[in-house]
Amino acid sequence: MDPVRYHLKNSLKYAVKGDHLSAEFVEMRPPTYRQIDKVAPLKQALMSAILDVRDNKTDDDGAKKGNEEKIDGATYILLLYQGKGDIARIMSNARNLILSGVFLVDGETSITQPILDDISVDDFEGLLGEYIVNFLAPSLMGGR
Amino acid sequence: MATQLNDVMIIINNLPVAYTANSLSWKDGLGESSVRNAVIGGQKTEQVFSQDLSTKFGMVKFSMPSTIENEGKKRTWKLNKNNNVVQLIGPPGSGFAKVFTQASILGDPETSAATDGNIEIEFNTNPAQ
């Protein structure tokens, strides 16, 4: 799996090489075993959310359609919100994953708590959504 | 009601730093100025104001407890030359925030191994943003 870039929608400043710059993007790298304690609960929450939402679906055609369409990051986030899991705990796990070194501002600087404190909610959810699309969901669905 | 500005967070190179209470001070880097008189005549003078731009350096000074972790931070900041960034953030809602770029430790910081020993840190920086 190759790293993926997420272009920030809102302004974010960070310190790098003696300067205080505005970030353009966050590079997301695939998780390794070092992130297993952060990734596993997120995958479990995602699976639970998918099953919760599928159990509530009554329209068979809609379910078939859902299986064929590619799901984007925003939809995965919506699934998590719709599921019965503790969303605060899910977001806390996501925060720990983002702080674990696989998210790099402008491809260089690891996101730290002070940087994360300044990220907008939209970008936080955007980052999580894209990470799920590119690394967690494929791994959950058997590497598709 | 005015509140004393003594609850400031120090962030250096994107990481928070725990420091000894009441040890933090800073200069914004506004520089030094001087005034002198110019004679107009008839007992009148006018003021000539000048700013010494060579003194426009910011400064951030604080001490932190002598721990192994802080000793490592001291060395890293010193070896980083002028590639450090120091941020000062006030309490939530205060709106107080200053950024000092190109921060460097010019001296050789001293570490005290006493029971309540501290490491004295002084950064020389660009004027505060």
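A quick note: this is a predicted structure, and the numbers were derived from the prediction, not measured. (Residues numbered from 1 in each chain as written. Chains lettered and ligands numbered in written order. Predicted model: local features only at pLDDT ≥ 70, side-chain atom pairs only at ≥ 80, totals over all residues. Heavy atoms only, no water.)

Enquirer: Got a minute to help me understand the overall build of chain A in this structure?
Expert: Secondary structure assignment for chain A yields 6 helices and 6 strands. Taken from the N to the C terminus, the helices and strands of chain A come in the order β-β-β-β-α-α-α-α-β-β-α-α. With 144 residues in all, chain A has 44% of them scored as buried. Sequence separation of 24 or more characterises 72% of the internal contacts of chain A that already satisfy a separation of 6 or more. Accessible area of chain A: about 8200 Å², with a carbon and sulfur share of 48%. (Helix = DSSP H or I, 4+ residues; strand = E, 2+ residues; numbered from the N terminus. Buried < 20%, exposed > 50% of the residue type's maximum accessible area, 1.4 Å probe, protein only. Contact = heavy atoms within 4.5 Å. Areas by Shrake-Rupley, 256 points an atom, 1.4 Å probe, with all protein chains shown as cover.)

Enquirer: Is there a simple way to explain helix 4 (residues 87–98) of chain A in this structure?
Expert: The α-helix advances 3.6 residues per turn, and as a result positions three or four apart in sequence lie on the same side. All names here are of chain A. With 12 residues, helix 4 extends 16 Å from end C-alpha to end C-alpha; this agrees with the ideal 16 Å at 1.5 Å per step. Tucked inside the fold, the buried residues of helix 4 contact helix 1 (36–56), helix 3 (73–82), strand 5 (103–105), helix 5 (113–118) and helix 6 (121–140). Capping the start of helix 4, Asp-86 holds a side-chain oxygen 3.1 Å from the backbone nitrogen of Ala-88, two or three residues further along. (Expected span 1.5 Å × (residues − 1). Polar contact = N/O pair within 3.5 Å; in protein donor to acceptor, adjacent residues only side chain to side chain.)

Enquirer: I would appreciate a short explanation of the interface of chain B and chain A in the present structure.
Expert: How big an interface is tends to be reported as the loss of accessible area on association of its parts. The partner chain A presents 10 residues to the 14 residues of chain B that form the contact. Summed over both sides, the interface of chain B with chain A buries roughly 850 Å², with 61% coming from carbon and sulfur. Taken together, the links from chain B to chain A amount to 0 salt bridges. Counting every contact that joins chain B to chain A gives 4 residue pairs in polar contact (both at pLDDT 80 or more). Broken down by secondary-structure element, the contributors of at least two residues to the side of chain B that touches chain A are strand 2 (15–17), strand 7 (84–89) and strand 8 (97–103) of chain B. (Buried area = accessible area lost by both parts, 1.4 Å probe. Salt bridge = Lys/Arg side-chain N within 4 Å of Asp/Glu carboxyl O.)

Enquirer: Would you mind showing me how to read the packing of helix 4 of chain A against helix 6 of chain A here?
Expert: Helices that pack against each other are described as a pair by the angle of their axes relative to one another and the distance between those axes. Residues and elements named next belong to chain A. Where helix 4 contacts helix 6, the axes come no closer than 11 Å and their chain directions differ by 80°. Compared by their axis directions, helix 4 and helix 6 come out roughly perpendicular. Where helix 4 abuts helix 6, its residues Met-91, Ala-94, Arg-95, Leu-97 and Ile-98 lie against Phe-124, Glu-125, Leu-128 and Tyr-131. Residues belonging to the contact of helix 4 with helix 6 are distributed by class as follows: 7 nonpolar, no polar and 2 charged. (Axes fitted to C-alpha atoms, helices over the stretch in contact; angles between N-to-C directions. Parallel < 35°, antiparallel > 145°, perpendicular 65-115°, else oblique. Nonpolar A, V, L, I, M, F, W, Y, C, P; charged D, E, K, R; others polar.)

Enquirer: Help me out: how do you make sense of the nonpolar core in this one?
Expert: Among the nonpolar cores identified, the biggest contains 41 residues, and Met-28, Leu-80, Phe-103, Ile-111, Leu-128, Tyr-131 and Ile-132 of chain A are the most heavily contacted of them. Setting aside residues up to four positions removed in sequence, Met-28 of chain A forms contacts with Pro-3, Val-4, Tyr-6, Val-102, Phe-103, Leu-127, Glu-130, Tyr-131 and Phe-135 of chain A. Ranked by size, the runner-up nonpolar core spans 18 residues in total, among them Val-17, Leu-24, Ile-121 and Phe-123 of chain B. (Core = buried A, V, L, I, M, F, W, Y, C linked by side-chain atoms within 4.5 Å.)

Enquirer: Would you mind going over the confidence of the model for chain A with me for this structure?
Expert: Close inspection of predicted coordinates is inappropriate in any region flagged by low pLDDT. Confidence along chain A averages 88 in pLDDT terms, with 89% of residues attaining 70 or more. In the model, residues 61–66 of chain A has pLDDT below 50 throughout and makes 2 contacts with residues more than four positions away in sequence or in other chains. (pLDDT = per-residue confidence, 0-100.)

Enquirer: So what exactly am I meant to see when it comes to the packing of helix 3 of chain A against helix 6 of chain A here?
Expert: All names here are of chain A. Packing of helix 3 against helix 6 brings their axes to within 7 Å, and their N-to-C directions diverge by 100°. When the interaxial angle is binned, helix 3 and helix 6 end up roughly perpendicular. Residues Gly-73, Tyr-76, Ile-77, Leu-80 and Tyr-81 of helix 3 form the contact with helix 6, whose participating residues are Glu-125, Leu-128, Gly-129, Glu-130, Ile-132, Val-133 and Ala-137.

Enquirer: Would you explain the sheet that holds strand 2 of chain B in this entry?
Expert: Strands pair in a sheet through their backbones, by hydrogen bonds, and they do so in one of two ways: parallel or antiparallel. Residue and element names in this part refer to chain B. Here we have 4 strands laid out as an open sheet, ordered 2-1-7-8, and antiparallel in their pairing. Edge positions in the open sheet fall to strand 2 and strand 8, since each of these has one partner strand only. The sheet shows a mean angle of 25° between the axes of neighbouring strands, taken without regard to direction. Of the pairings in the sheet, the one linking strand 7 to strand 8 comprises 5 bridges and is antiparallel in character. Residue pairing for strand 8: Leu-88 is matched across the bridge by Lys-98. (Pairing = 2+ DSSP bridges.)

Enquirer: Sorry, what's going on with unusual backbone geometry here?
Expert: Most peptide bonds are trans, and most residues other than glycine sit at a negative phi. At Asp-106 of chain A, a position not held by glycine, the phi torsion is positive, near 50°. By secondary structure assignment, the location of Asp-106 of chain A is in the loop between strand 5 and strand 6 (109–110). Its identity is not glycine, yet Asn-14 of chain B carries a phi of approximately 70°, on the positive side. In this fold, Asn-14 of chain B is placed in the loop between strand 1 (9–12) and strand 2.

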